[in-house]
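Now for the letters of each chain:
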There are 2 protein chains.
Amino acid sequence: MKVIVAKQGGFCFGVKRATQIAFEAAEKKTGSTYSLGPIIHSPQVVRSLEEMGVKVLSDTDGVQEGTVIIRSHGVTEGELEKIHQQGLTILDATCPFVKKAQGYVKLLSESGYDVVVIGDADHPEVKGLVSFAKGRVFVVSSSDEAAELPQLKKIGIVAQTTQSFENFRAIVSICLDKGSEVRVYDTICDATTVRQDEARDLCVGVDQMIVIGGLDSANTRRLAEICHEILPGTHHVESIEQLDPAWFSGCSTVGVTAGASTPKWLIDEVVCYIKGLPQDKKD
Amino acid sequence: MKVIVAKQGGFCFGVKRATQIAFEAAEKKTGSTYSLGPIIHSPQVVRSLEEMGVKVLSDTDGVQEGTVIIRSHGVTEGELEKIHQQGLTILDATCPFVKKAQGYVKLLSESGYDVVVIGDADHPEVKGLVSFAKGRVFVVSSSDEAAELPQLKKIGIVAQTTQSFENFRAIVSICLDKGSEVRVYDTICDATTVRQDEARDLCVGVDQMIVIGGLDSANTRRLAEICHEILPGTHHVESIEQLDPAWFSGCSTVGVTAGASTPKWLIDEVVCYIKGLPQDKKD
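Definitions and cut-offs
Residues numbered from 1 in each chain as written. Chains lettered and ligands numbered in written order. Predicted model: local features only at pLDDT ≥ 70, side-chain atom pairs only at ≥ 80, totals over all residues. Heavy atoms only, no water. Phe/Tyr/Trp six-rings, centres within 6.5 Å; stacked < 30°, edge-to-face > 60°. Helix = DSSP H or I, 4+ residues; strand = E, 2+ residues; numbered from the N terminus. Buried < 20%, exposed > 50% of the residue type's maximum accessible area, 1.4 Å probe, protein only. Lys NZ or Arg CZ within 6 Å of the ring centre and 35° of its normal. Core = buried A, V, L, I, M, F, W, Y, C linked by side-chain atoms within 4.5 Å. Contact = heavy atoms within 4.5 Å. Buried area = accessible area lost by both parts, 1.4 Å probe. Salt bridge = Lys/Arg side-chain N within 4 Å of Asp/Glu carboxyl O. Polar contact = N/O pair within 3.5 Å; in protein donor to acceptor, adjacent residues only side chain to side chain. Nonpolar A, V, L, I, M, F, W, Y, C, P; charged D, E, K, R; others polar. Pairing = 2+ DSSP bridges. Axes fitted to C-alpha atoms, helices over the stretch in contact; angles between N-to-C directions. Least-squares fit on C-alpha atoms with pLDDT ≥ 70 in both.

Any chance you could explain the packing of aromatic side chains here in plain terms?
A ring pair, where both rings are aromatic, is described by two values, the distance of the centres and the angle of the planes. Residue and element names in this part refer to chain A. According to the stated counting rule, one finds eight aromatic pairs over all chains in the structure shown. With a centroid separation of 5.8 Å and 55° between ring planes, the pair formed by Phe13 and Phe97 is classed as tilted. Of this pair, Phe13 sits in helix H1 (residues 13-28) while Phe97 sits in helix H4 (residues 96-110); the two residues are 84 residues apart in sequence, bridging distant segments of the chain. Arranged with centres 6.3 Å apart and planes meeting at 55°, the rings of Trp247 and Phe248 form a pair that is tilted. A relative accessible area of 2% places Phe248 in the buried class. Taking NZ or CZ as reference, Lys154 lies 4.5 Å from the ring centre of Tyr113, over its face.

Whenever I open this one, the nonpolar core confuses me. Can you help?
In a soluble, globular protein the nonpolar side chains are often hidden away together inside. Core analysis: the biggest nonpolar cluster contains 38 residues, and Ile118 and Ile157 of chain A together with Ile118 and Ile157 of chain B have the highest contact counts within it. Among all residues touching Ile118 of chain B, those that are not within four sequence positions of it are Val140, Ile157, Val158, Ala159, Gln160, Gln163, Asn167, Phe168, Ile171 and Val172 of chain B.

How should the interface of chain B and chain A be read in this particular structure?
For interface size, the figure often reported is the accessible area lost on association. Counting from both sides, the interface comprises 16 residues of chain B and, opposite them, 17 residues of chain A. Buried surface at the junction of chain B and chain A, both sides included, amounts to about 1,400 Å², of which 48% is carbon and sulfur. At the junction of chain B and chain A, the tally comes to four salt bridges. Between Arg169 of chain A and Asp177 of chain B there is a salt bridge; the shortest N-O distance is 3.0 Å. Linking chain B to chain A there are 14 residue pairs in polar contact (both at pLDDT 80 or more). Residue contributions to the side of chain B that touches chain A peak at six residues, all from helix H7 (residues 165-175) of chain B. Within the side of chain B that touches chain A, the residues separate by chemical class into nine nonpolar, two polar and five charged. Bridge count for strand S9 (residues 181-185) of chain A against strand S9 (residues 181-185) of chain B is five bridges, and the pairing is antiparallel.

What is the right way to look at the sheet that holds strand S10 (residues 208-212) of chain B in this model?
Strand-to-strand pairing in sheets goes through backbone hydrogen bonds, with the strands running parallel or antiparallel. Residues and elements named next belong to chain B. Across the sheet, which stays open at both edges, the four strands sit in the order S1-S12-S10-S11 with parallel pairing between neighbours. What marks the edges here is a single partner per strand, and that holds for strand S1 (2-5) and strand S11 (235-237). Taking the axes of each pair of neighbouring strands and ignoring which way they run, one obtains an average angle of 25° across the sheet. Judged from the five bridges that link them, S10 and strand S12 (residues 253-258) form a sheet pairing that is parallel.

I'm lost on the relation of the copies chain B and chain A in this one. Help?
Each copy of the chain is related to the other by a rotation around an axis and a translation along that axis. Superposing chain B onto chain A requires a rotation of 180° together with a translation of 0.0 Å along the rotation axis, leaving an RMSD of 0.0 Å. The transformation relating the two chain copies, once decomposed into turn and shift, fits a two-fold axis. Taking C-alpha positions as the reference, the residue of chain B nearest the rotation axis is Arg183 of chain B, at 2.0 Å. When the interface residues of chain B are mapped onto chain A, 100% of them again lie at the interface, so the same face is used by both copies.

Any chance you could explain the side chain of Ser217 of chain B here in plain terms?
All names here are of chain B. Its location among the elements puts Ser217 in the loop between S10 and helix H9 (218-230). For Ser217, a relative accessible area of 4% gives the class buried. Among the polar contacts made by the side chain of Ser217, one reaches the side chain of Asn219 at a distance of 3.3 Å.

Structural data, given as structure tokens:
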């Protein structure tokens, strides 16, 4: 069985960097090490870090000493200040693209703009972004929600880094009706689009497509949907346990891609598994 | 014959103001008085002012003394500086909305933005706007032209005050592809839209529609087009000389509107003329 692995599948730059920072900190073992929220959206990585002593906190209440790693999605400004006040060491693994977007929210807000964050209000990245606004801030995820915005004057817009550009464009377009000045920072990270484009191309030349990543990971689910539109037999799995040999019957070429929080070893396992399946006669 | 005159037809705020400034200056007769370019887009108003001694200049070369009135559309920054250097008195009748847009071009340009002016490159207002940019500046009139813009980083956008909002929206949308920061000032003046909306409403309740204004006036032509779509018999005239009594045969109600540079007395003349036509039996 031939397996083609997407070059852009798996860890994006920010996730790779955060994971590296966390594992390096865990290896040093200099006092207690925590992460505020899971470091990345991968249960496997979080578990490995926990085994190395990195404890996941939902908040830093009662923590007396040690190092707190800030996850790739970032945290709120209030949480950051609290950790400072507690005298804990901060190891900032916030994705630099998210950090940039946080900076824009702060800048816009300090410059008198009402801020519109395009994204999912419940996502930790968006909760972080919102916290950097000093004045009014609105989260909108769709054109319909944007249409409900009140009439404003100066509107500053940033996007959750994983937003689709077309949704971003549509919402900006509606915001033009809402204020006389609209200042837009395109904070969308290319990694998502590049990964999706590559997956689309890959689907065309294979018999079966496997998308690996958390079933609750928004970017992986979207990636699977895109593949499914081209190859209706596409399967989304979290690990090799969920693979079914029957899916590959009659296949000669299989494509594999993965969401932004899927570690390389998980991808490698899946690839090994598929390659090890009984060869099809056509192959 | 019943004649309904559009409330928002004729002089807009900026044109009214410029005309008033020019006539006041002409009445004072304090030395030579010039206007750099026609004060507004109305041959009748320009002729009246000329009869009162206000000479229209294409440039201020060789002018030794006197007052130069800056027309409603504004002039270029270079022309303004030149008049200053010549020691001439400036009477600035630039429409305050155009002035505001000029200020935004300057601000954007000084803040490191490449400036995109949405409008007609040959229009005096746009020529003026462009001149206030210190760095790169592009004029685009359509989405197709916007698509040809190079890849930029920080894009600042303003619009010619008479642009349609939908064209503005479409071009801004395309500019989102061209830079990572897009800062948009909506410098479109409501007067045009309000006048057009009122004309649309008026067309529905009348038998015939007359649009008055220069045949080369872009805003009047657009106004006539809009009326023509609803009332195909709509006529666009510059003055009563072009009216044909046959147009009103069988009509009981006539609507009248006018472009932004059409003086009130021209509208009144047309209304008088129509009212004076032989009454139709239905009326």
